[in-house]
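The residues making up each chain are set out below.
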Amino acid sequence: MTTRTGMLVLAGLAALASTAVSAADQSAQVERGRYLVTISGCNDCHTPGGRQVAAAIPEKDLLIGVPVGFQGPWGTSYASNLRLVINSMSESQWLAHARQERLPPMPWFNLKAMTDDDLKAVYAFVRSLGPAGVAAPAYVAPGGKVNTPYIVFVPQVDKQQAVTR
Ligand code: HEC
């Protein structure tokens, strides 16, 4: 083997090694994203059945948005289809998008407090699932006509309770 060929072989091996490392890094990042999404409750609102189904929901059905509104003084909001939102943007767009203020009951302050690395892991996980489903219904302003089922987020005072106090 000439020196030149030897160097080429070495360069090739180094390139292969770095590809292998980055693939391993990537799968660790996806795994961390899966973990973060699970423990931070995103599925509670963004996955159909996320709050109601005790059995594990197949990954292909995660985070596709829910067409049941959350109604309160802010109007009626819908948990977005994160599979479509996240798969439509670059990682740097996601970092900015994820930190924006949102309507209740989205815990946007929790997402805003995530480190860049955590947000990138959530991004990698949702990208690994790919796009699926349809966009969630559009936000309806207070007093507007709502065409879907919705959950009312208003504190209730039981009449009986009010009398006996
Ligand atoms: C209690 C319900 C709830 C939980 C839990 C929740 N979300 Fe949301 N999320 C919403 C609602 C409702 C909206 C729509 C808010 C709006 O219209 O401003 C939303 C919007 C978003 C958006 C904006 C998407 C767009 O339309 O551009 C992102 C990103 C998001 N959520 C990510 C997450 C992630 C990641 C988690 C887990 C850490 C999470 N959410 C947990 C209810 C929730």
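A quick note: this is a predicted structure, and the numbers were derived from the prediction, not measured. All residue numbers refer to position in the chain's written sequence, counted from 1. Per-residue local features are limited, in this predicted model, to residues with pLDDT of at least 70; the limit for side-chain atom pairs, both in listing and counting, is 80 or more; totals at the level of whole chains, interfaces and linings are taken over all residues. Side-chain metrics in this entry use all non-hydrogen atoms of the structure; hydrogen atoms and water are not considered.

J.: An account of the coordination of the iron atom of the ligand is needed here, citing residue identities and associated values.
T.: Each metal site is built from N, O and S donor atoms within 2.8 Å (3.2 Å for Na, K and Ca), and since water is not included, such sites may look incomplete. For the iron atom of the ligand, every protein donor is listed as H46 (NE2) and M106 (SD), and the spread of their distances is 2.0 to 2.1 Å. Irregular is the label for any site that misses the other tests, which are tetrahedral for four donors with all angles between 85 and 135 degrees, and square planar for four donors or octahedral for six when opposite donors exceed 155 degrees and the remaining angles lie between 65 and 115. The site at the iron atom of the ligand holds six donor atoms, and with the angles between them running 87 to 179 degrees, its shape is octahedral. Of this pair, H46 sits in helix α2 (residues 42-46) while M106 sits in the loop between α4 (91-98) and α5 (108-112), and the two are 60 residues apart along the sequence. The way it works is that DSSP assigns letters per residue, a run of H or I at least four long becomes a helix, a run of E at least two long becomes a strand, and they are numbered from the N terminus.

J.: Please give an account of the sheet that holds strand β2 (residues 75-77) that cites residues and values.
T.: We call two strands paired when DSSP finds no fewer than two bridges between them. Spatially, the three strands line up as an open sheet ordered β2-β1-β3, and their pairing is mixed. Every interior strand has two partners, whereas the edge strands, β2 and β3 (150-152), have only one. Strand-to-strand twist in this sheet, taken as the mean axis angle between neighbours without regard to direction, amounts to 30 degrees. Between the N-to-C directions of two axes lies an angle of 0 to 180 degrees, each axis being a line fitted to C-alpha atoms and, for a helix, fitted only over the stretch in contact.

J.: An account of the layout of surface pockets is requested, with residue identities and associated values reported.
T.: As a volume, the largest pocket reaches approximately 750 Å³. Breaking the lining of the largest pocket down by element, the ones donating at least two residues are α2, α3 (82-87), α4, α5 and α6 (116-129). Examining the composition of the lining of the largest pocket, we find that four residues originate from one element, α2, more than from any other. Each pocket or cavity is described by its volume, and for the second largest pocket that value is around 240 Å³. A cavity here means a set of 1 Å grid points, computed over protein atoms only, where a 1.4 Å probe fits but cannot escape. A pocket is an open set with protein on both sides within 12 Å along at least 5 of 7 lines, and lining residues have an atom within 4 Å of a point. Along its surface, the second largest pocket is lined by 15 residues, and T38, N43, A56, I57 and L62 are the ones closest to its centre. Grid points are joined across faces, edges and corners, and a volume is the space filled by probe spheres set on the points.

J.: Describe unusual backbone geometry, and please don't skip the residues or the numbers.
T.: Negative phi is the rule for most residues except glycine; trans is the rule for most peptide bonds. Across the junction of P104 and P105, the peptide omega takes the value -5 degrees, indicating a cis bond. Summarising the element assignment, P105 is placed in the loop between α4 and α5. Phi at L63 is positive, roughly 60 degrees, even though this residue is not glycine. Position of L63 relative to the elements: it lies in the loop between α2 and β1 (69-72).

J.: Describe the packing of aromatic side chains, and please don't skip the residues or the numbers.
T.: Classification of ring pairs rests on two measures: the distance between centres of Phe, Tyr or Trp rings, Trp counted by its six-membered ring, which must be within 6.5 Å, and the angle between planes, read as stacked under 30 degrees, edge-to-face over 60 and tilted in between. As enumerated under the stated definition, the model contains three aromatic pairs in all. Seen from their ring centres, W108 and F109 are 5.6 Å apart, and the 65 degrees between their planes marks the pair as edge-to-face. The rule is simple: take the accessible area with a 1.4 Å probe, protein chains only, and divide by the maximum for that residue type; under 20% is buried, over 50% is exposed, in between is partly exposed. Looking at F109, the relative accessible area reads 49%, which means it is partly exposed.

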